[in-house]
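Coordinates in review
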Amino acid sequence: MRVVFKTSYDKDIDLHPDWWDRGKIAALLVLMALLPFLVGEYYLAEATNTLIWALAGMGLMVLVGHSGQVSLGHAAFMAIGAYVDAGLMTAGVPWIIAFPLAGLAAGCFGALVAIPAVRMSGIYLAIATLALFVIVEEMIIILEPLTGGVGGMFAPSIMLFGIDFDRYASLSNFYWLVLVVVSLVTWAYANLLRSPTGRSFLAVRDSEVSARALGINVTRTKAVVFGLSCGVTGLAGALMGHFISFFNYELFSIFISINLLLVVTIGGLGFIQGAFFGAILITAVPQMIAILRDGLNATVGIDLGSVPGLDTLIFAVILVGFIIYEPTGLYGRWLKMRAYVQLFPLARRDMFRRQKTYLKTERMR
Amino acid sequence: MEIIQLLIGGVASGCIYGLVALGFVLIYKASEGVNFAQGDMMMLGAFVALGLVNSEYWALPFIPGILLACFIMGGVGYGIDRFVVRRIFGQPQFALVILTIALGFVLRFVAGAIWGFTPLVLETPFAGQSVRFGGLVLGYEDVITIVVTAVLTLALWAFFSRTKLGLAAQAASQNQMAAYIVGVPVRRINSMIWGLSGIVATVAGVLYAAKGAIDPNIGLLGIKAFAAAVIGGFGSLPGALLGGLLIGVVEPVAARYLPSGFSQMSPYVLMLIVLTTRPGGLFAQIHAKKV
Amino acid sequence: MSLLQVTDLAVHFGGVKAVDGVSFDVEEGEVFSIIGPNGAGKSTIFNLISRLYEPTRGSILFNGEELSNRPAHAVADLGIARTFQNIELFDHSTVLDNLLMGRHGHRATNWVQDLLFLPKVRTEERAHRQKVEEVMEFLELEAYRDKMIAGLPYGVRKVVEIGRALAMGPKLILLDEPASGLSVEESQDVAFWIEDMRRDMGLSVLMVEHDMRLVTQVSDRVLAVANGRSLALGSAAEVQNDPEVQAAYLGSDSFLAAEEGVA
């Protein structure tokens, strides 16, 4: 087991305590950057999709994992991002301006919503965001001149400095673009967690009373979290719009919100890595189901394709399994396995035993 | 006259929202969390009733068939708590939210696998009949919906305020640990409440099915019932019913007098208005934590 | 002028008069204790000062500034820190992070700067850590620096909470039952720390405590309250010998009445 010997405060403040850890991240980035040369078109598209989901997942993670507020309406913010981005580009605004504006629009809308929402807690907030989602969905249909209504709208292809980033014509370029956006957001997210702002999020999550006693403006903090979360989700929505190319309101259905919740919970609440683990799972499982289905059909002759809704069932069962047996998610499981290997043979079963909170009641807050 | 007709129709559909909302409140009282599968339990209840009563399936007589459906769904509710929800006892509410969303998917799959995804109609002995009352024409099913809801609400109220079991359930919902210490079998009571909410969901499902065709996706009605429960303030049985009635009435009125599209959002707009003015709902039960 | 001036403070919850016209003041550099039976309204006074409750009447002046006009989070900016009776720490963070959260009022960067982690943020972080390390050294918490709160024993958590309050760099610290649930040795430590806070850091301390030994040992003045009213004010010995205070603690119906009140 490696032990980092801390000789200055900077060791604690730095994102990675030593060059070994920095090297691992650099290697991962290089691998990701080289991916277009390593895999075919189909898997590159899947990788792009996974990255977009991870981006949206990070958006929700900061809200659910770091400030303890549940949103069931994040698909609405993805939709806002996608429509603002596509709308501005249709109007002739270049992507480099339209994209940040899309995030800003979703973020501002989120922060605005947060002002009444911060007075609510837990379940009330979850349901309020769900209601917000329904309202946004209906608004998209009503605002047909701007959004194309039920017919949908087309996300123009991205041109930057004369280079084409079209999702079909030059997928590698689009993939790199998404990778850059995701890397930047991940870096900013990691920065946030080591700074006073990130700590104030945790404070609000764990105890609002004592956050107040420490001088943290709870309302303002929650509005900032909401804004950041919705902004990042909006960016993901904009990229999703480009990835799908032609979309209408149905792309951002309630199931997207639920899938996002899956990403953060299965991935591991409260960890940036969790968003990535979750995104990988959520994009890989349908593929695996498809492969399995084709395999069964070819070898045993069982046609699972005739059973409707089988993938949602499998998702649901995985989810139930995680909630019951591994509430810390994939990343939590990963940490445990790593600790087990590092401490071998000294690891004990109850090292990660959870403390149950029987008296935690929502009626008191 | 037209507006009264509209209102009565609204009250009848409001009763169904109210009943689903009652199910939410029951489970909120027991497990301190929202059962996002309540709408799907209603859906499954309707299908079980349909499977027992309709002539192409079991063709039982109507009343015994419905009672049996209630019994079965009570068992399903009990079982869900006993074998799934109880395992996460003590975890944060968020876990329950995710868990019940997933359970909803499972229930929907089960219903789809057994009864298919094409809409089916429940055969009721009172289909298509109506009563005349003054100048009003009331559908039989609307009248029955209102009466059944009133009776069921009274029964639930009596259960919680008059019976020993109901009082124990209330105690358990207010402070699990304290109730446990004074000898209330908290876990078993929680399971029973889940069973009870399964029964209420079935009644709601049957009443819903009496008005039109059902398919495995009608559980999404649960979202509207959330709005009802929230407006009433989670944790308040009369509040849930009132919230349901409000939504039931607002929807047709908005559809009649506002441009199209707005009636779909009206329940949620109403809910957001209530939440921003009174964050705990009309009958708030949230108190500040004592430090 | 006194550091903290509480005049005719009252709060009523419905018909319950939790605090009903209490007046006292805390001088600069003083250790002031509030004692009283359960439900006398001691913690409620703290909650009124930290603006968790809205007073029905009365005023609270800190350094001549009225607290009632400020929101709860603005009280800390004036230099008032507090601990809680039932420990309100951030359970899923380390001891270090908990103490750093105490530095929130001194942050000089906003969230945009934090997102980009500009050099200024790093400079600030270093300064915060230096201050926090000083507090940890003072309270001998170094061994627990990177441990999660959720896994720490009760006594240590209690100390971490004091540490978090000290990290705020306050002028006045409110300690809500700092010794409850602690062993004799641990509460002796608390007594020494309170002495040091006053002597070395120049802090004023307002404390609610049941442990009369601790109260006698550290307090300059003691206020006894019961049923939301003040009974006696003076040195620890004077208050302990006050017949009304003795009646409130030992028998008579006022004690039973107090039991029914609000904590």
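Residues numbered from 1 in each chain as written. Chains lettered and ligands numbered in written order. Predicted model: local features only at pLDDT ≥ 70, side-chain atom pairs only at ≥ 80, totals over all residues.

Another aspect to go through is the confidence of the model for chain A. Low-pLDDT stretches of the model should not have their predicted coordinates read in fine detail. All names here are of chain A. The predicted model of chain A has a mean per-residue pLDDT of 84, with 90% of residues at 70 or higher. At the low end of the mean pLDDT range in chain A sits helix α1 (residues 9-13), at 78; at the high end sits helix α8 (residues 171-193), at 93. Considering only residues more than four positions removed or in separate chains, one finds that residues 355-365, a stretch of pLDDT under 50, has 25 contacts. (pLDDT = per-residue confidence, 0-100. Helix = DSSP H or I, 4+ residues; strand = E, 2+ residues; numbered from the N terminus. Contact = placed C-beta atoms within 7 Å.)

Right, let's get into the nonpolar core. Counting 290 residues, the largest nonpolar core has L55, A79 and A131 of chain A together with V20, F24, A46 and A49 of chain B as the members making the most contacts within it. Among the elements that line this core, the one with the most residues is helix α8 (residues 186-211) of chain B, at 16 residues. If we ignore the near neighbours within four places in the chain, the residues touching V20 of chain B are Q38, G39, M42, A201, A204, L221, G222 and A225 of chain B. (Core = buried A, V, L, I, M, F, W, Y, C linked by C-beta atoms within 7 Å. Buried ≥ 20, exposed ≤ 12 C-beta atoms within 10 Å, placed from the backbone.)

In this section: the domain arrangement of chain C. Residues and elements named next belong to chain C. The assigned domain composition of chain C is domain 1 (1-79 + 172-183 + 204-263) and domain 2 (89-169). The C-alpha-based centres of domain 1 and domain 2 are spaced at 28 Å. Of the residues lining the interface, seven residues belong to domain 1; the matching set on domain 2 comes to seven residues. Here the residues of the side of domain 1 that touches domain 2 sort into four nonpolar, two polar and one charged. (Domains from an automatic or database assignment. Nonpolar A, V, L, I, M, F, W, Y, C, P; charged D, E, K, R; others polar.)

With that settled, consider the pairing of strand β1 (residues 130-133) of chain B. Each regular strand carries side chains that alternate between the two faces of the sheet. Residues and elements named next belong to chain B. Across four bridges, the pairing between β1 and strand β2 (residues 136-139) is antiparallel. What sits directly across from F133, in β2, is L136. Where β1 folds back onto β2 in an antiparallel hairpin, the turn is made up of two residues, including G134, whose phi is positive at roughly 65 degrees. (Pairing = 2+ DSSP bridges.)

Time to look at the packing of helix α12 (residues 254-267) of chain A against helix α13 (residues 272-299) of chain A. Residues and elements named next belong to chain A. Contact geometry of α12 with α13 gives a least axis separation of 7 Å together with a crossing angle of 120 degrees. Put simply, α12 runs oblique to α13. Pair α12 / α13 crosses with right-handed handedness. Along its contact with α12, which presents N259, L262, V263, V264, I266 and G267, the element α13 presents G274, A275, F276, F277, G278, A279, L281 and I282. (Axes fitted to C-alpha atoms, helices over the stretch in contact; angles between N-to-C directions. Parallel < 35°, antiparallel > 145°, perpendicular 65-115°, else oblique. Left-handed = near helix turned anticlockwise from the far one by under 90°.)

For the rest of this paragraph, the subject is the sheet that holds strand β3 (residues 31-35) of chain C. All names here are of chain C. Strand order in the open sheet formed by six strands is β6-β7-β8-β3-β9-β10, with mixed pairing between adjacent strands. What marks the edges here is a single partner per strand, and that holds for β6 (80-82) and β10 (229-234). On average, adjacent strands in this sheet sit at an angle of 20 degrees to one another, irrespective of strand direction. Lying on the sheet, helix α1 (residues 42-49) is in contact with β3, β6, β7 (172-176), β8 (204-208) and β9 (221-226); it crosses β7 at an angle near 145 degrees. Helix α7 (residues 184-201) contacts β3, β7 and β8 of the sheet and is inclined by roughly 150 degrees relative to β8.

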